[in-house]
Amino acid sequence: MNKHRITLFVFVVAAMACVFFRHYWWLVFVVFLYFFLLFFAVLIPQFNFFVDSLHRIPASGNSVVLTFDDGPMFGHTEKVLAVLAEKKAKACFFLIGKNMEQHPELVKQIIAEGHQVGHHSYSHVNTFPMWSTQKVKEDIAKAASILENITGQQNLRFRIPFGLSNPNIAKAILQCNFQSIGWSLRTYDTMSKSKEQLVHTILSRVKAGDIILLHDWGTYTVDALPEIIDGVRRKGLEISGL
Ligand SMILES: [Zn+2]
């Protein structure tokens, strides 16, 4: 039973007790508290409220993982790969199904260069968190099947688009038997104002066990990547796979 079901059960019992004892103001408070909690549970995936995701590397020693979302993107992914090759660093790429269809050669290149991959939905549209379980399931299974067709291997690693989970998405992940991978360090690289800002955001916060969220297409991501890798290593941390 996940945290959401346990919480729902506790709140339903509390609400029934409020009705039974006719404490209606307490009932309003209980309902408000439930939706307040739900709001933050959707926004903060690290709560693992709806779905159990891996947000840190277990027993990591001094390792951190670099992850890149939303590829493969022609004109971006190759540059990320070139920096990783130059720095002899490995990463994990969470790939979007429709992008994989357009650039299967980039998926093959990622794997050939020794990186890990996972899938990140087929469509990655803004309305994804509002979809039914069935629609989410069809979409995420389609991405997994495209990846499997390209690589010849089944891959259960999945990252939720936008990191926004809810009961429908949780159910779809469970039914597909995917392993949900989150992050512990959100870099906001798609919103960074400069390379320096992005490097500072990461190096001032990174610690052992972190799963670092980056994007192939972040405006300063490729430029900042050499300094990020060097800086992480200067801190005595090792860049590893999941
Ligand atoms: Zn994404």
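Residues numbered from 1 in each chain as written. Predicted model: local features only at pLDDT ≥ 70, side-chain atom pairs only at ≥ 80, totals over all residues. Heavy atoms only, no water.

> Could you give an account of the coordination of the zinc ion, naming the residues involved and the relevant values?
Octahedral metals with six donors have ideal donor angles of 90 or 180 degrees. Tetrahedral metals with four donors have an ideal donor angle of 109.5 degrees. Each protein donor to the zinc ion is listed here as Asp70 (OD), His120 (NE2) and His124 (NE2); together their distances run 2.1 Å. The sequence pattern describing where the donors of the zinc ion fall on their chain is D-x49-H-x3-H. Separated by 50 residues along the polypeptide, aspartate 70 in strand S1 (residues 63-71) and histidine 120 in the loop between strand S3 (116-119) and helix H6 (133-151) bring together distant segments of the chain. Here the two residues aspartate 70 and histidine 120 agree in accessibility, since each one is buried. (Donors = N, O, S within 2.8 Å, 3.2 Å for Na, K, Ca; no water. Helix = DSSP H or I, 4+ residues; strand = E, 2+ residues; numbered from the N terminus. Buried < 20%, exposed > 50% of the residue type's maximum accessible area, 1.4 Å probe, protein only.)

> Residue-level account of the pattern of salt bridges, with values.
By the definition in use, this model includes four salt bridges. For arginine 159, the salt bridge is made with aspartate 69, and the minimal N-O distance between the two is 2.7 Å. With a gap of 90 residues between them, arginine 159 in the loop between strand S4 (157-158) and helix H7 (167-176) and aspartate 69 in strand S1 connect regions that are remote in the sequence. As far as burial versus exposure is concerned, arginine 159 and aspartate 69 are alike and both buried. (Salt bridge = Lys/Arg side-chain N within 4 Å of Asp/Glu carboxyl O.)

> Provide a residue-level description of the environment of leucine 27, including the pertinent values.
Structurally, leucine 27 can be placed in helix H2 (residues 24-43). On the basis of relative accessibility, which here comes to 21%, the residue leucine 27 falls in the partly exposed class. Residues leucine 27 and threonine 67 lie 40 residues apart in sequence; the distance between their C-alpha atoms is 44 Å. Those residues in contact with leucine 27 that sit more than four places away from it in its chain are Ala15, Cys18 and Val19. (Contact = heavy atoms within 4.5 Å.)

> Provide a residue-level description of the pairing of strand S7 (residues 211-215), including the pertinent values.
In terms of residue burial, S7 counts as a mostly covered element, since five of its five residues are buried. Where S1 and S7 come together, five bridges link them in parallel fashion. Paired with valine 65 across the strands is isoleucine 211, a residue of S7. Here two bridges tie strand S6 (residues 185-186) to S7, and the two strands are oriented parallel to one another. In the strand pairing of S7, arginine 186 is matched with leucine 213. (Pairing = 2+ DSSP bridges.)

> Explain the domain arrangement of the protein to me, using residue names and the numbers behind them.
By a widespread convention, an interface's size corresponds to the accessible area lost as its parts come together. Domain annotation for the protein reports domain 1 (3-43) and domain 2 (63-240). Computed from C-alpha coordinates alone, the two centres of domain 1 and domain 2 are separated by 36 Å. With four residues of domain 1 at the contact, the number on the domain 2 side is four residues. At the boundary of domain 1 with domain 2, total buried surface from both sides reaches about 300 Å², with 57% on carbon and sulfur atoms. On the domain 1 side of the contact with domain 2, His4, Val42 and Leu43 bury the most area, a combined 82% of that side's loss. Counting across the domain 1 and domain 2 interface gives zero residue pairs in polar contact (both at pLDDT 80 or more). (Domains from an automatic or database assignment. Buried area = accessible area lost by both parts, 1.4 Å probe. Polar contact = N/O pair within 3.5 Å; in protein donor to acceptor, adjacent residues only side chain to side chain.)

> Outline the side chain of threonine 187, supporting the account with residue identities and numerical values.
Positionally, threonine 187 belongs in the loop between S6 and helix H8 (195-203). Taking the relative accessible area as the measure of exposure, threonine 187 reaches 1% and is therefore buried. Within the local environment of threonine 187, its side chain forms a polar contact with the backbone oxygen of leucine 213, the two atoms lying 2.7 Å apart. Contact partners of threonine 187, with chain neighbours within four places excluded, come to Ser192, Leu198, Thr201, Ile202, Ile212, Leu213 and Leu214.

> So, the packing of helix H1 (residues 3-20) against H2: which residues are in play, and what are the values?
Close contact between H1 and H2 brings their axes to 8 Å; oriented N to C, the two are set at 165 degrees. Comparing their axes, H2 and H1 come out roughly antiparallel. Viewed along their axes, H1 and H2 form a crossing whose handedness is left-handed. Packed against H1, whose contacting residues are His4, Thr7, Leu8, Phe11, Ala14, Ala15, Cys18 and Val19, the element H2 presents Tyr24, Trp26, Leu27, Val30, Leu33, Tyr34, Leu37 and Leu38 at the interface. (Axes fitted to C-alpha atoms, helices over the stretch in contact; angles between N-to-C directions. Parallel < 35°, antiparallel > 145°, perpendicular 65-115°, else oblique. Left-handed = near helix turned anticlockwise from the far one by under 90°.)

> Tell me what's going on with the state of the cysteines, and back it up with residues and numbers.
Under the definition given, this model contains zero disulfides. Cysteine 92 forms no disulfide, and the closest cysteine sulfur to it belongs to cysteine 176, at a distance of 18 Å. Given the relative accessible area of 0%, cysteine 92 is considered buried. (Disulfide = S-S within 2.5 Å.)

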